[in-house]
Structure formats: structure tokens, C-alpha cells
There are 2 protein chains.
Amino acid sequence: MSEEQHGSPRGGPSQELLYDPTIPSPTHAERARTLSASVPTGTLCTLGAGGYPYGSFVTFALHDGTPLFLISALAEHTKNLKADPRASLLVAEAGEGDPLARGRVTLVGRAVQVEAHDREPARAVFLAAHPSSAYYADFKDFGFWRLEVESARYIGGFGRMSWVTAEAWSAASPDPIAPSAAGILEHMNADHKETMLEYTRAFSRAPDASDAELVAVDRYGFEMAVATPEGPRPVRVAFHAAVESADEVRREMIALAKEARAILAARPGGR
Amino acid sequence: MSEEQHGSPRGGPSQELLYDPTIPSPTHAERARTLSASVPTGTLCTLGAGGYPYGSFVTFALHDGTPLFLISALAEHTKNLKADPRASLLVAEAGEGDPLARGRVTLVGRAVQVEAHDREPARAVFLAAHPSSAYYADFKDFGFWRLEVESARYIGGFGRMSWVTAEAWSAASPDPIAPSAAGILEHMNADHKETMLEYTRAFSRAPDASDAELVAVDRYGFEMAVATPEGPRPVRVAFHAAVESADEVRREMIALAKEARAILAARPGGR
């Protein structure tokens, strides 16, 4: 796992990071897979008339790591793909605040029409993600296409980006905690501020932290925005091992809280 | 103004439209300009390595009809544009419900770097739309680019689409009512249901309408979703002339209400 894969820490070049940057965190391939699994629409880029790149709005579903589309033979993008299969799919995270701070991924490859013998599994995956497309899925002019990903460009926000190989994209899996993350953040921030301050004091170099807010949780650990005398700073804490469910997150959070209290109790002055 | 420009009515092929489809309504060029003026982000499609079309997430601002970008020389899209200026920008409407029912427009053309003598106006337009970009707008590696639009593809939803020429794109203007539309809809639907039923009965072929909801308003008129014994149907009513402000919309709504009541009063049975 290279620095390139993990991006640069967000403390800024002039500030020393308050935690060990080598603790496990999601790779860019994993972040890209997680993002793509959470957003059902994107921009399909094809080669149009005159060789101009042409962007169109599409719905898609991921079959393992392969994007599937249900598109009409009458649509520009389909005509374009029939003439030249080179394509890309941009998937961008939704959200508030500075749009350039949000994540996005471009999947680059070749689009191929799904053959008759592969149609049923593609149809099942697509309709599970887009039930309302059932009414036109079997129209004569509509067909399933898939994008055979050859590389992926992940941008996690400012200065946090890299190319991901097809192998890394394929091998990565979406974060199993992602669907529960918002609920975990809400719960921790509402009821466990004191515990998060204990994590911060025990596991990071922020002894004067006055507040800690949980801002992200993934299978490998969690990240807090910590209020320090020098301003807000990120602190990441790793789980003992990768987790697979919200229940396992809870068990890790409890175990880490016990460890943090033991560390703090052993320190002169209890912090 | 051709049928192609205005798209097909949404009543479905088997149902007769309840209003005169030739009454004024926004052209596709106008709808596309209105949409683009309301969304500050899009997908820039460029030609990447190996000739693959490459989609990237960008912020943009419109200078008259010309999209402006502030992009870094280090970014993939900028490298791509320096090698080949052919590009497109997809702008998609945000919203709820079926994503394919929402509007989007693809602007196709060539991207050129803004020259030193044009930089100040471009900078002013861009920063007005994206104030938070001020902190990097003057970084050495960032520059302003513009997309010289050669054609535009507008898709207003299912079966409502056309190519728009550069001339039509340039000549069109964003709808002046768009920024007030949500407020007008809310007010009319909260307080003036009875008036909308009067519009419906007087101006459309829906004598048995039991409810009418305002779903869109633009400079040329407004559209209601009308409850009929056969289900919900669209009814459009035109203003006497194009309006320029929410105040003028109000005056037109009042004038039309008076006309509707006069028409209904003159009918046998008052409806």
C-alpha cells in the first residue's frame, strides 16, 4: 500500500500529523468501489460525431466491479459505442459544501453489449438497483451494456488522488460499513463525546483536545475532527482488525474505549 | 419553433392532449440555458490517453452562454485539453424521483485557455459563482478555460430531447422566473387550489377535474398536474405575453383568474 494509493494526510504540509499515518485505512481502490456502490447515476463519456467526447447522464448498476447500463439503441451514447467502444464512467459523490472536496471516480475502459446468454444475470443486477426500469427493460430498442474497466482515476478531494489499476479495482470490495456509517456517526456524536476525547488523548498527539467529532468510519477504523488550541485537526484510530458489520464496529469501539481509559489512568495526572 | 424544439407532449400517445400544444412554451435552447444557469457543477469530457473519452467532475460558471472553468495544469483534463481541445460538458439537473425524468444538457465544442487580456472578466464571472475558489484562483498552476459551444444536446426527460445549434444556444436566455419558481409553486398550491381548478375548467378540456397542482412556471406560462377521472393529466396555460419577474407572474395569474371566472360564468351551469 503506497502513499500514492493512500493519498496524503490532510493536516497540510506545515502541520505534523497527530496520528501514525501508517495505520490501516482504505485504499483508493476501496474508496472508489465504496463510492461507486453508493451512487446509482453517473456520466457516460463516449466518442461522438467528429471525434468529440460526448457526456451523457446514465443510471448504472455494479456487477462485482463491472458497471452495467440499460440503454436505448436510439440514444446518442449507444450509437457512439456501436461505432467505438472506448468509454468512461464518472461517478461523483453527492453532498453539501465545497463540491471539489467530495469524492469521485472515473472508470475507463471499453463498453460491450451484454450477449443473450449473459442477459439474465445482468438484468437481475440492474433491476435490483433500478426497479423502475422494469417497464422498459424488455423493450426491443433497449439493451444491457457493460463497461470492461481498464483503469480508474480516484479523486478523494483536494490533493488526494491516484490512478487505480484494473486489478486493484477488481480485487477491492465496497466498504461493508458504508451503509451504516451515517447512523454510527450520529450515535457517537450524540452520546459518546467523552469517549472520543479519551480516544484522542490516549491514541493521538493531541493532549489538549477540547472536543472530538466522529467524521468517518470504515472497515479499518474511524476518523475524528479534533478541536485543538491550533484549530481543528484530523485524528484517525484503527480497529484491531478489519470489521464486517456495524455490530463489530460497536465491539471495537468498546474495546478501544477500555484501552484508552487504561492508557490514560497509567499516565501522570490521568491524561 | 418546431416540434423537435419543443418536444412531444407528455400525455402519452394514446391520450388526447387537454390543451392547445401550440401555446407558447420554452424552447429546448431556453430550457437548456435555464438548467445550466441553475447548476454550478458538471462533467467535463476530454480525450485522454489512448483516445479514450475521459470524464471529470468540474465546477463551472456561464459567461453569457460560454462555460468557464478554473483548472489546474496538473489535472488530467487540463493535460487532455492541451493535447486536443475537443470537449463536452454535461450539466444535469438535481432532484428527487426517477433520475432519468430530470433534465440535462451536453454542450459540445472546443476548450481554449483564456488569454491574459480576457482573464479579468472571466475571473470576475467565475469567482461570483464560486467564491471559495478565490484562494487558489491565482495559483501559478491554475488557469481559466472556456468551452466554445458548437452544439448542445438537450434532454428534458423521457422522449423530450433535441440537438440545439450554437446559434440557438447563444441567442437563448435563462428563464427569469426560474429563481422564483419554487416559491410561486408553494404559494399557489398552498393558497390557490380553487383558482387553479378555474383555470383548468375554463382553459382546458378537463371539465371533470377534481384537483389541480401547479408543477412548473416559466416566462411563457405555467403547467398544472390535473386530477381527472382518467388519472393525472398535464394542463398548460399561457400568459398573454412573456413575463420578466415574479411580480409580473402574479399580475398574469390574477388577470387569468378573472378571465377564467368570466368564461365559466357564461357557460350553462357555470362550469
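Let me begin by describing the structure that accompanies this report. (Residues numbered from 1 in each chain as written. Chains lettered and ligands numbered in written order. Predicted model: local features only at pLDDT ≥ 70, side-chain atom pairs only at ≥ 80, totals over all residues. Heavy atoms only, no water.)

### Some points on the sheet that holds strand E9 (residues 211-218) of chain B
Across a sheet, strands are paired by hydrogen bonds formed along the backbone, either parallel or antiparallel in direction. All names here are of chain B. Taking strand neighbours across the sheet as the criterion, the 3 strands line up as E9-E10-E11 in an open arrangement whose pairing is antiparallel. In this open sheet, the two edge strands, each paired with only one partner strand, are E9 and strand E11 (231-238). When the angles between neighbouring strand axes are averaged without regard to direction, this sheet yields 25 degrees. Of the pairings in the sheet, the one linking E9 to strand E10 (residues 221-228) comprises 7 bridges and is antiparallel in character. When the sheet's bridge partners are listed, Asp 211 is paired in E10 with Ala 227. Set on the sheet, helix H8 (residues 193-203) makes contact with E9, E10 and E11; between it and E9 the angle comes to about 85 degrees. (Pairing = 2+ DSSP bridges. Helix = DSSP H or I, 4+ residues; strand = E, 2+ residues; numbered from the N terminus. Axes fitted to C-alpha atoms, helices over the stretch in contact; angles between N-to-C directions. Contact = heavy atoms within 4.5 Å.)

### Observations concerning the layout of surface pockets
If you roll a probe as big as a water molecule over the atoms, it shows you where there is empty space left. Residues and elements named next belong to chain A. If you add up the space inside the second largest pocket, you get close to 1200 Å³. Every residue lining the second largest pocket is counted, 37 residues in all, and those nearest its centre are Arg 31, Glu 93, Tyr 154, Val 215 and Ala 216. Among the secondary structure elements, those contributing two or more residues to the lining of the second largest pocket are helix H2 (28-38), helix H6 (178-191), strand E9 (211-218), strand E10 (221-228) and strand E11 (231-238). Counted by class, the lining of the second largest pocket contains 17 nonpolar, 8 polar and 12 charged residues. (1 Å grid on protein atoms, 1.4 Å probe; cavity = no way out; pocket = protein on both sides within 12 Å on 5 of 7 lines; lining within 4 Å. Points joined across faces, edges and corners; volume = space filled by probe spheres on them. Nonpolar A, V, L, I, M, F, W, Y, C, P; charged D, E, K, R; others polar.)

### Digging into the sheet that holds E9(A)
All names here are of chain A. Spatial ordering of the open sheet is given by E9-E10-E11, a layout of 3 strands whose pairing is antiparallel. Two strands close off the open sheet at either side, each with one partner strand: E9 and E11. Averaged over all pairs of adjacent strands, the angle between strand axes in this sheet comes to 25 degrees, irrespective of strand direction. Relative to E9, helix H7 (residues 193-203) is tilted by about 85 degrees, and along the sheet it contacts E9, E10 and E11.

### Quick look at the environment of A:Gly269
With respect to the helices and strands, the residue A:Gly269 is situated in the segment after helix H8 (246-266). A:Gly269 sits 85 residues away from A:Ile184 along the chain, and the two C-alpha atoms are 31 Å apart.

### Considering the side chain of B:Arg233
Residues and elements named next belong to chain B. Along the chain, Arg 233 falls in strand E11. Despite its burial, Arg 233 remains without a salt bridge, the nearest opposite charge being carried by Glu 230 at 5.2 Å. When residues no more than four places from it in sequence are discounted, the contact partners of Arg 233 are Gln 15, Glu 16, Leu 17, Leu 18, Met 224, Ala 225, Val 226 and Thr 228. (Buried < 20%, exposed > 50% of the residue type's maximum accessible area, 1.4 Å probe, protein only. Lys, Arg positive; Asp, Glu negative; His and termini not counted. Salt bridge = Lys/Arg side-chain N within 4 Å of Asp/Glu carboxyl O.)

### Description of the relation of the copies chain B and chain A
Between the two copies, chain B and chain A, the superposition gives an RMSD of 0.1 Å; the rotation angle is 180 degrees and the shift along the axis is 0.0 Å. Expressed as a symmetry operation, the mapping of one chain copy onto the other fits a two-fold axis. Scanning chain B for the C-alpha nearest the rotation axis identifies B:Pro53, at a separation of 2.7 Å. Of all interface residues in chain B, 100% are interface residues in chain A too; the two copies therefore contact each other through one and the same surface. (Least-squares fit on C-alpha atoms with pLDDT ≥ 70 in both.)

### Looking at the packing of aromatic side chains
Scanning all chains against the criterion turns up 18 aromatic pairs over all chains. Here A:Tyr54 and B:Trp163 contribute two aromatic rings whose centre-to-centre distance is 5.9 Å and whose plane-to-plane angle is 50 degrees, an arrangement assigned as tilted. Pair noted here: A:Tyr54 is in strand E2 (residues 53-59) and B:Trp163 is in strand E8 (residues 161-165), and the two residues belong to different chains. Given a relative accessible area of 35%, B:Trp163 falls into the partly exposed group. (Phe/Tyr/Trp six-rings, centres within 6.5 Å; stacked < 30°, edge-to-face > 60°.)

Just geometry here; none of it tells us what the structure is for.
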